[in-house]
Amino acid sequence: MRSLRARLLAATAAVLAAVLTALALFSARVTRIEFHRFEDVLVTERGETLVSIQQLLEAAYRAGGGWTGAPSAVERAASLSQKDVFVVDRQDVVIARSAGIAHAGITTEGPSTFRIEWHDGPPRQLLLRAPGMPIRDDGGRSVGRFYAIPRDASPARPRRDYAGAVNRWLASAAAAAGILALFLIAALARRLFGPIESLTDAALRMEAGDRTARVPVVSSGPEDELGRLARSFNAMADAIARQETLRRNLVSDVAHELRTPLTSLRAQLESLQDGIAAPDARMIDSLHEDARLLERLVDDLQELALAEAGQLTLHPGAVPLDEAADRAASAVRAPARENSIEFVVEVPSGLVVLADRDRLGQILANLLGNALAHTPAGGRIRISARMRGEEIETVVSDTGSGIEARHLPHVFDRFYRTDPSRARETGGTGLGLAIVRQLVEAQGGAVRAASEPGRGTVITFTLPAAVMPSAADGGDGASRPS
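From a predicted model like this one, the values you see are computed outputs, not experimental measurements. (Residues numbered from 1 in each chain as written. Predicted model: local features only at pLDDT ≥ 70, side-chain atom pairs only at ≥ 80, totals over all residues. Heavy atoms only, no water.)

Turning our eyes to something else, we now look at the overall build of the protein chain. Looking only at helices and strands, the protein chain has 10 helices and 15 strands in total. Counting the 482 residues in the protein chain, one finds 36% classified as buried. Here the contacts in the protein chain between residues at least 6 apart in sequence split such that 64% fall between residues at least 24 apart. When the accessible surface of the protein chain is summed, it comes to about 27000 Å², and 56% of that surface belongs to carbon and sulfur atoms. (Helix = DSSP H or I, 4+ residues; strand = E, 2+ residues; numbered from the N terminus. Buried < 20%, exposed > 50% of the residue type's maximum accessible area, 1.4 Å probe, protein only. Contact = heavy atoms within 4.5 Å. Areas by Shrake-Rupley, 256 points an atom, 1.4 Å probe, with all protein chains shown as cover.)

Next comes the structure, spelled out in structure tokens:
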């Protein structure tokens, strides 16, 4: 029960249970106290007056040897206490009563329960439930009881006083319970919605341009919605910050990549305008190379943008991997031979990938071109492939200069080149491997790099297999040096 909904329901139920329990206990206590006070009002006022009446009636009973002197003793008791008094024997039969209730009807309703009805004046009645004060003989045995009733006794007044007292106590209890509930709910709201307020504040800071805004993650478990929300917000903020950095870097990198060929073009054209240089074949070739570099940069940027936006047009189909490798290899055979670089294709026949034929060729061309640019004379470039489950793994390796460990995690980033000088001789636009990653992932594959400085680089990518090869087709494959 760690989700926000469950915690809110549990907390609300706990608050209600605590408040209602406290209110019920308080109400029961107050009702019991007030009811005892109510009975005391209806029955009698305990104190010295009642003790005096008790002594007077007991003396009369003992002096007369019975109830013969009870009426006069009752009158004296009524005069002494200023109350109406009546006496009953052990069977609850009325023996004597004072003049104030001489015409009132006194009937027995049950053990120690009497109903008194006044017939003189406005009709009124009173139900009396009480054991009364005992009257004892010489031996200390109870021979009867007496009751002393206030002369203005009426059920309306004690009931009204009782109801008013209980209502006042209940109103006070309800107010206290309400304050307690508000306190508990405020504490609960602070605990539950404090993270939301922090999140809102961080969101406003993000909106104002503060990309460092983060929220503390206060979580009680994996099912805690607020913890997941805080982690998601921080992840989003990190992604936005990374995208902001990438955007700034992209603008800077594009400007840098465009500046070199544009500066070269401008310098050569100004030399021609000023008559410093003649428009010979070498000059024209240089201008043409700069123009092609600009065109390639623009094409690569457009293709990379389409791939990252998921708008790249693909025509997947069954493509024999050995044929695609041979076609890609044909483009680098001549320059590899000129630089005394051994070129080996070890792709078994029967390996068929599900891919766009042209995009697969572009992937291989980019990887082979990158390997050729970084492999010195006498080196070796190799393409190999094998089945791995339902995928085909293709490996392009070289014996070139390799990549330092600190550069390896960034080789697939846009415009990232291990040469900080960005010399044209050490690489192209810096988009080749970034395009490779986007094209491979767009076709359901994955790509990774491994390298060791001075010993070469290995680029491995996987693509889904279109046809599972038989044992005969899988073969060991033949090495085809180029």
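Looking now at the side chain of glutamate 393. In this fold, glutamate 393 is placed in strand β12 (residues 391–398). A polar contact of 3.5 Å, which involves the side chain of glutamate 393, links it to the side chain of arginine 388. (Polar contact = N/O pair within 3.5 Å; in protein donor to acceptor, adjacent residues only side chain to side chain.)

Further remarks concern the confidence of the model for the protein chain. Of all residues in the protein chain, 81% attain a pLDDT of 70 or more, and the chain-wide mean is 79. No element of the protein chain has a lower mean pLDDT than helix α10 (residues 471–474), which averages 46, and none a higher one than β12, which averages 94. Counted against residues more than four places away or in other chains, residues 39–46, with its pLDDT under 50, gives 16 contacts. Within the model, the stretch residues 474–481 combines pLDDT values under 50 with 17 contacts to residues more than four positions away or in other chains. (pLDDT = per-residue confidence, 0-100.)

Tallied over the full model, the rule gives four aromatic pairs. Residues phenylalanine 114 and tyrosine 147 carry aromatic rings whose centres are separated by 5.3 Å and whose planes lie at 65° to one another, so their mutual orientation is edge-to-face. Within this pair, whereas phenylalanine 114 is found in strand β4 (residues 113–118), its partner tyrosine 147 is found in strand β7 (residues 142–150), the two being separated by 33 residues in sequence. Taken as a pair, phenylalanine 114 and tyrosine 147 share a single burial class, namely buried. Among the aromatic residues, those joined into a ring-pair cluster are Phe86, Phe114 and Tyr147. (Phe/Tyr/Trp six-rings, centres within 6.5 Å; stacked < 30°, edge-to-face > 60°.)

It is worth spelling out the sheet that holds β4 at this point. Strand order in the open sheet made by the three strands is β3-β4-β5, with antiparallel pairing throughout. A strand with exactly one partner marks an edge of an open sheet, and here the two such strands are β3 (105–110) and β5 (124–129). Pairs of neighbouring strands in the sheet enclose a mean axial angle of 20°, with direction left out of account. Bridge count between β3 and β4: five bridges; the pairing is antiparallel. Directly across from isoleucine 106, in β4, lies its bridge partner isoleucine 116. (Pairing = 2+ DSSP bridges. Axes fitted to C-alpha atoms, helices over the stretch in contact; angles between N-to-C directions.)

According to the stated counting rule, one finds two cavities of 30 Å³ or more in the structure shown. Estimates place the volume of the largest cavity at around 50 Å³. Contributing to the lining of the largest cavity are Leu367, Asn370, Ala371, Val396, Asp398, Thr457 and Ile459. In terms of residue count, the dominant contributor to the lining of the largest cavity is helix α8 (residues 357–374) (three residues). Grouping the constituent residues of the lining of the largest cavity by class yields four nonpolar, two polar and one charged. (1 Å grid on protein atoms, 1.4 Å probe; cavity = no way out; pocket = protein on both sides within 12 Å on 5 of 7 lines; lining within 4 Å. Points joined across faces, edges and corners; volume = space filled by probe spheres on them. Nonpolar A, V, L, I, M, F, W, Y, C, P; charged D, E, K, R; others polar.)

This next bit is on the nonpolar core. Membership of the largest hydrophobic core comes to 48 residues, with the highest contact counts inside it found for Phe343, Leu360, Leu367, Leu368 and Phe461. Non-local contacts of leucine 368, meaning those with residues more than four positions away in its chain, are made with Ala328, Ala329, Val332, Phe343, Ile381, Ile383 and Val396. Counting 19 residues, the second-largest nonpolar core is a separate cluster that includes Ile53, Leu57, Tyr61 and Ala77. (Core = buried A, V, L, I, M, F, W, Y, C linked by side-chain atoms within 4.5 Å.)

Another aspect to go through is the pattern of salt bridges. All chains considered together, the criterion is met by 15 salt bridges. For glutamate 393, the salt bridge goes to arginine 448, with nearest N and O atoms at 3.2 Å. Here arginine 448 lies in strand β13 (residues 446–452) and glutamate 393 lies in strand β12, a separation of 55 residues in the sequence. For glutamate 393, a relative accessible area of 5% gives the class buried. (Salt bridge = Lys/Arg side-chain N within 4 Å of Asp/Glu carboxyl O.)

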